[in-house]
Amino acid sequence: MEIQKFSYDNKIVRLFTYATLFYGLIALLVGLLIALQIPFPEMNFKLSFLTFGRVRPIHTNAVIFGFIGNAIFTGVYYSMQRLLKTRMYSNFLSRFHFWGWQLIILSAAVTLGLGLSQSKEYAELEWPLDIAIALVWIAFGANITGTMIKRRTKHIYVAIWFYIATWVGIALLHVVNSIEIPTSWFHSYPVYAGVQDAIVQWWYGHNAVAFFLTTPFLGLMYYFLPKVANRPVYSYKLSIIHFWSLIFLYMWAGPHHLLYQAIPAWAQTLGVVFSVMLLAPSWGGMINGLLTLRGVWDKVRDEPILKFFVVAVTAYGMATFEGPLLSFKNVNAISHFTDWTPAHTHIGGMGWNGLLTFGMLYWLVPRLWGRELFSKKLANTHFWIATIGMLFWAIPMYWAGVTQSLMWKEFTEDGMLAYPNFLETVVQLIPLFKTRALGGLLYLTGFIMMLYNLRKTMVLGKFIGDEQVSAPPLEVLPKKRIGNETVHGWLERKPVQFTIWAFVALAIGGLVEIVPMITIKANIPTIATVTPYSPLELQGRDMYVREGCYNCHSQQVRPFRSEVERYGDYSKVGEFVYDHPFQWGSKRTGPDLARTGVVAGKMYKTASWHYNHMLDPESTSPGTIMPAYPWLIDNKMNNSSLKRKIEVMQYLGVPYPEGYADQALSDLKKQAEEIAAEIPGADPESEIIAMIAYMHKLGRDISVSDTSDEDPVLMDFTASYDAQVLDAGKTFYTTNCAACHGLNGEGNAIGPNLVDNAYLHGGTDSHIYTAVSEGVPAKGMQAWKHLANKNQLNEVTSYVISIIGSNPDNAKAAQGEVFDR
Amino acid sequence: MSSNKKYQKGKVIEDHEFDGIKELDNPPPSWLMYVFYLSIFFSVLYWGYYHAFNEGPNQYEEYEMEVAAASAVMDARSAQLPPEVSIASTDPADFEAGKALFMGKACFACHGMNGEGNAIGPNLTDDFSLHGCDFESTIKVIKTGVPEKGMTPYEGQLAQKEIEQLATYILSLKGSKPDNAKEAQGEKCK
């Protein structure tokens, strides 16, 4: 038989190895910084680009796409060539993939620091980078497909199945979740709103874990673990079963991130049951890995690489057991929004992804540089320090999560929240936050040991760029099944068909969940009082998105007595219809903000409170760990793309009146003047004003009664001039009305002047009575019919009418239309 | 190893070697398959209970049940309690407790460390008041707040006793003439 000579491209593996090490160091350093910023908020340094809300996405992106991503490509480019007995299809595509990916991550770090973010978790990057990711991903796909086609082995090995699923899965998720409309070069609105956006985003978010952190690493495990152990894989059948069930089931489980939140019940149930069904398929990978080590456990004792692998696979088993557990609604009710979630993710990230990567690098570098590892002892020390670091990270966070959740939920005997001040529940956790940072420091220390160890190995060894090998060519195979070949055996020699079937398995779950959410109206009942954001509120919302406030604040009150008591009415499906993107968040390091605009609500704070709080959080909330945002006060609002933003919103179906884009700026200025007037020394053009406007919009629309946007039915009334009635009316007025309309009806910062000849709601006796009785909830005027009896309404209205024209001191400027009584 | 019996050694599958990696023809461990079947069975039951047969409560019904259970307990409790008393206390212990609440609840954030008032809240130490000077009115302001001006309602956060203690402390500040006192607002007290 003819033997062909060819070479493996080790240079591309080397490039990705360098990138893995570089971004691993950056990601861990940034992680340590944000871990310290929680107990020591002064470590935000009052600099926008170093503030937690912007730096935490840099950490997650650097870990996931920088460190773990490059580790995947290192392993894929190394193993794929050898498993298929061929060089990668195209040197150019390999390099394009490498440099494109590094450029994207570098741009990600810069743009996220600058606040150019969509604030969708793990999909924060703005639209030009989304397009770049798609291009690079296509290049990667073309390269691996080409390589599979020109292979010299009959079948494709299980590791490669997982690489295929990775490629298809990420392509699908990234494209669907990134459909957005630009408003400028660095800003866009996603086409999905509110509940839809939440479903799409967590379908993405959950499956980014599946297809970026799980399937590629299972592929790497299936290559590197049997290689290092020098043992056959325990069960080929198990590989087949757990591969297909895993990729099919994963795509359905996304809604478990939204349990007890404002999404339809059927979607939540799918999230629960598919997560439960994922347990066995996930464990299939762990079991196949651990049973492969059967008979060589003695090797584990003195081979640090196998130690890394065993703990990595065990961490995978723990995390995938915990996943279904956290998907039970009663467990989720405790764990969600607390530090339990980061504890869970870090068992996966530090344990499964981190330790497996370290083991892989300790094996690869000596092979690429043709010399044994510089120090096995140092690698062993790294293993122990990394494992202990991981435990120091995770255990305090499990503790913190449960502690805080129980504090949130505890009621006193009198039926009041035992810890009504959110801050009390945070201060309690500070020692645990410090221990977590220590865990991170240990893990980083181990990483630096590895850098030294690998660097030494590289310097002392000699790199082999093109590894010369030879193999016979692949015989031409029939298209149909041969003899007693199984269907799967046939599929394993048909990589393109394999890819198509993987796509089908992946697409079903997403289709079933996302399509009805967008097309069936009954899934999102509308609420009549919910209005679009005013231009100023929209600008404020975009700042909220820019600063990454969602990293610490949720906007989702779950239907629990403890949450309704603490925050206000629970969140409704229909109240988010204008939210592009949704900002429900997944972690409450600070309190929920969904009800900060409900006047008379528990979360309401005045404009000047917000102003002082953002400038110096300690001044209003002693002991807080909220960082200061002085730049919101120093920066002037940038309204250059406001017109375009309104137009894009209209295009997305937000019902601004036609031509509103031209009027937006003047409306914005008017509202800003009004808010700034309530705050001593505030500049109406500074960014903080928009942020306050947004805070005062949150939840306000659903707190007003249903009829508020229509004029109430006019009620017949004639004022009395009886002295006794007027006297009683005056008493009522002084206690109940003076706060907003002044002691003598002269008006103040809140309510209008009642005694001039201008009227906002009509000037006849009947009009005035109606305004008192029905209120003007949208503006904060109570409907007094709920709070006073008929006689009192008569008395107070008569009194108010009797003082019209009295010309008091400090009278407020006239508002509304002039009417002569 | 004892598990050798449970997990058979298996034969190497021919024609299936990849860069030196071989695979065995072992079946998947049966317990794992049972876990898988059980989880599917559970899922069908779960779906049936909550959706197909609509037996289980949805999250809003669960909420109503939780609130109803809590208010039943509260009602039973309040039936046994003596009626509320509203007279300013003269007990120094109540004064100290009130002072601790003034600090603990961060009243000073808006009313100053010594009740002198600041850019947000009014002066509590002068002889003027926006919402009444007596004990009853003070209690009322603490309880229901003045939300439109930013005063938080503390009814759900403090017990009746604590509200009384806090009011006792606040009223004791009248006439204390602290530094940086804010200008008077509201009506002169009688």
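Sequence order sets the numbering: in each chain, residues are counted from 1 along the sequence as written. For naming, the first written chain is A and the first written ligand is 1, with later ones following in the order written. Under the rules for a predicted model, residues below a pLDDT of 70 receive no local features and side-chain atom pairs below 80 are neither given nor counted, while totals for whole chains, interfaces and linings still include all residues.

Draft legend 1. Looking closely at the overall build of chain B. Each helix is a run of H or I in the DSSP string that is no shorter than four residues. Each strand is a run of E no shorter than two, and both are numbered from the N terminus. Helix and strand counts for chain B come out as seven helices and two strands. By the compact-globule yardstick of 16 Å for 190 residues, chain B is too spread out, its C-alpha radius of gyration being 34 Å. Reported as C-alpha extents along the three principal axes, the dimensions of chain B are approximately 100 × 45 × 35 Å. Taking all 190 residues of chain B together, 25% fall into the buried category. Any pair of residues counts as being in contact when their C-beta atoms, constructed from backbone geometry, are within 7 Å of one another. Counting contacts in chain B only where the partners sit at least 6 residues apart, residues at least 24 apart contribute 61% of the total. What the globule rule says is 2.2 Å times the number of residues to the power 0.38, and the radius of gyration is computed from C-alpha atoms. Residue burial here comes from a neighbour count, namely the number of other C-beta atoms, placed from the backbone, that lie within 10 Å of the residue's own C-beta, with 20 or more meaning buried, 12 or fewer meaning exposed, and in between meaning partly exposed.

Draft legend 2. A look at the nonpolar core. Residue and element names in this part refer to chain A. Structurally, a nonpolar core is described as a collection of buried Ala, Val, Leu, Ile, Met, Phe, Trp, Tyr and Cys residues joined by way of C-beta atoms within 7 Å. Core analysis: the biggest nonpolar cluster contains 228 residues, and Phe309, Ala312 and Leu356 have the highest contact counts within it. Take this core: its biggest share by element is 23 residues, from helix α6 (residues 194-229). Apart from residues lying up to four places away in sequence, Leu356 is in contact with Phe217, Leu220, Met221, Phe308, Phe309 and Ala312. Among the nonpolar cores identified, the runner-up in size contains 19 residues, and Phe732, Cys740, Leu754 and Leu793 belong to it.

Draft legend 3. Highlighting the interface of chain B and chain A. Contacts between the two partners involve 49 residues from chain B, matched on the other side by 57 residues from chain A. Taken together, the elements giving at least two residues each to the side of chain B that touches chain A come down to α2 (30-52) and α3 (59-80) of chain B. Ranked by the residues each element gives to the side of chain B that touches chain A, the list is headed by α2 of chain B, at 11 residues.

Draft legend 4. The arrangement of the packing of helix α28 (residues 723-736) of chain A against helix α31 (residues 790-802) of chain A in detail. Residues and elements named next belong to chain A. Whenever a helix is involved, its axis is fitted only over the stretch in contact; in every case the axis is a line through C-alpha atoms, and angles between N-to-C directions fall within 0 to 180 degrees. It is at 7 Å that the axes of α28 and α31 come closest, and there the two elements cross at 90°. One element, α28, and the other, α31, form an angle in the roughly perpendicular class. Only Gln792, Asn794, Glu795, Val796, Ser798, Tyr799, Val800 and Ser802 of α31 make contact with α28, whose side of the interface consists of Val725, Leu726, Ala728, Gly729, Lys730, Phe732 and Tyr733. A per-class count over the contact of α28 with α31 returns eight nonpolar, five polar and two charged. Put simply, angles under 35 degrees are roughly parallel, angles over 145 are roughly antiparallel, angles from 65 to 115 are roughly perpendicular, and the rest are oblique. Residues are grouped as follows: Ala, Val, Leu, Ile, Met, Phe, Trp, Tyr, Cys and Pro are nonpolar; Asp, Glu, Lys and Arg are charged; every other residue, Gly included, is polar.

Draft legend 5. Fine view of helix α6 (residues 135-144) of chain B. Residue and element names in this part refer to chain B. If you check which residues of α6 are buried, you get Thr138, Ile139 and Ile142. Summarising the axial view, the buried residues of α6 lie within an arc of 100°, below the 170-degree limit, and thus occupy one face. At its buried positions, α6 is contacted by α7 (160-172). Immediately downstream of α6, the backbone of Gly145 shows phi near 70°, a positive value. This arc is taken over the directions from the axis of the helix to the C-beta atoms.

Draft legend 6. Quick peek at the domain arrangement of chain B. Here the limits of each domain have been adopted from an automatic or database domain assignment. By the assigned domains, chain B splits into domain 1 (1-81) and domain 2 (92-188). Spacing between the C-alpha centres of domain 1 of chain B and domain 2 of chain B amounts to 54 Å.

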